[in-house]
Each structure stands twice: as C-alpha cells, then as structure tokens.
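The chain contents come next:
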Amino acid sequence: MDIGRTMLPNYLPRHRLDAGSFGTMGVGLGFAIAAAVWLKHIGSNKRVVCVEGDSAFGFSGMELETVHRYNLPILFVVVNNNGIGTGIGDDFYTAVKESKQEELQLPVVALSPSARYDKIMEAFHGKGYYVNTPEIGRASCRERV
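Details of the pattern of salt bridges
Summed over all chains, the structure comprises four salt bridges. With a closest N to O distance of 3.7 Å, Arg-138 and Glu-135 form a salt bridge. One end of the pair, Arg-138, and the other, Glu-135, are both in helix H8 (residues 134-144), three residues apart, so they sit about a helical turn from each other. On the basis of relative accessible area, Arg-138 is assigned to the partly exposed category, the value being 46%.

Next up, the structure:
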C-alpha cells in the first residue's frame, strides 16, 4: 500500500484516502464511494479515481453495484499483478496450468493473470477496458477523463 503514495503523488490536501502503511486491503472502493457521495452532496463536479490491485478489488468489487445504483462519478483502475504482493509471472502461471498440478504448485496468493475485471464493470452497465499495453491505457484514460 505504501507504493501507492510513491507512484501516485498527492499535491493537494484532502484529495487522497488510503488505508495507510498497515491498513486493510480492499477498503479503497468503499473510500471512493464515500468520497463520491460527499462530492455529489456538496454539488462538486470533481471525479473520484479509485486505484486498486486485483486482490484488493476481490474483497469489495461487488460494491460496483452501489456505484451503479447511485450513479456515482468514479473511475476505477484495477491493477492485475496476478496476486497478493508481487504476484506471479505470466510464464510461471502458464507452466503450472499446463502441468495440471495447480493445487500443488500455485501459491495460495496467486490470482489469474487473465482475469477480466473490465467485464465486471460492464455487468453493472459501466464501460470497462482491458488494458495490456501503455498505448491502450493512455487511450482509455483519455476517453474516460
């Protein structure tokens, strides 16, 4: 969680909510909803950006239904690093799957590198993007921001 503060610097007061160094993984979506509800309440046209890892999203991803129900202006970025912490590499994951011994070789913190979190957004009538290159990432951000 500390990496977020390093890679996503914050220059304005009261513009960042995070779980802190030893916080609870998965609270970002709830924080984003609270911020969006507050901004809507005060009549602000600001938008909330929620950046989460795949593991954190797994804890609270179904809150997208709440976002849809209240039509909240939140942009979600789910970073898929294939698991908790540093995750696992795509090559390792593929080799283990081909060995047909996943239960013996995959760490319990491993997640699927091919998970389509964009489809979960689409299930709630949002626009999802599957980004696997910097170019696609830039184009999708330009379209949504």
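Things to note about the pairing of strand S1 (residues 48-53)
Every second residue of S1 is oriented toward a common face, the buried set being Val-48, Cys-50 and Glu-52 and the non-buried set Val-49, Val-51 and Gly-53. Bridging between S1 and strand S2 (residues 74-79) involves six bridges; their strand directions are parallel. Residue pairing across strands places Glu-52 opposite Val-78, the latter belonging to S2.

Remarks on the side chain of Glu-52
Looking at where Glu-52 falls in the secondary structure, it is placed in strand S1. With no salt bridge to any partner, buried Glu-52 finds its closest opposite charge in Arg-16, at an N-O distance of 13 Å. Only 3.3 Å separates the side chain of Glu-52 from the backbone nitrogen of Leu-29, close enough to count as a polar contact. Those residues in contact with Glu-52 that lie beyond four places of it in its chain are Gly-26, Gly-28, Leu-29, Phe-57, Ser-60, Val-77, Val-78 and Val-79.

Analysis parameters
Residues numbered from 1 in each chain as written. Predicted model: local features only at pLDDT ≥ 70, side-chain atom pairs only at ≥ 80, totals over all residues. Heavy atoms only, no water. Salt bridge = Lys/Arg side-chain N within 4 Å of Asp/Glu carboxyl O. Helix = DSSP H or I, 4+ residues; strand = E, 2+ residues; numbered from the N terminus. Buried < 20%, exposed > 50% of the residue type's maximum accessible area, 1.4 Å probe, protein only. Pairing = 2+ DSSP bridges. Lys, Arg positive; Asp, Glu negative; His and termini not counted. Polar contact = N/O pair within 3.5 Å; in protein donor to acceptor, adjacent residues only side chain to side chain. Contact = heavy atoms within 4.5 Å.

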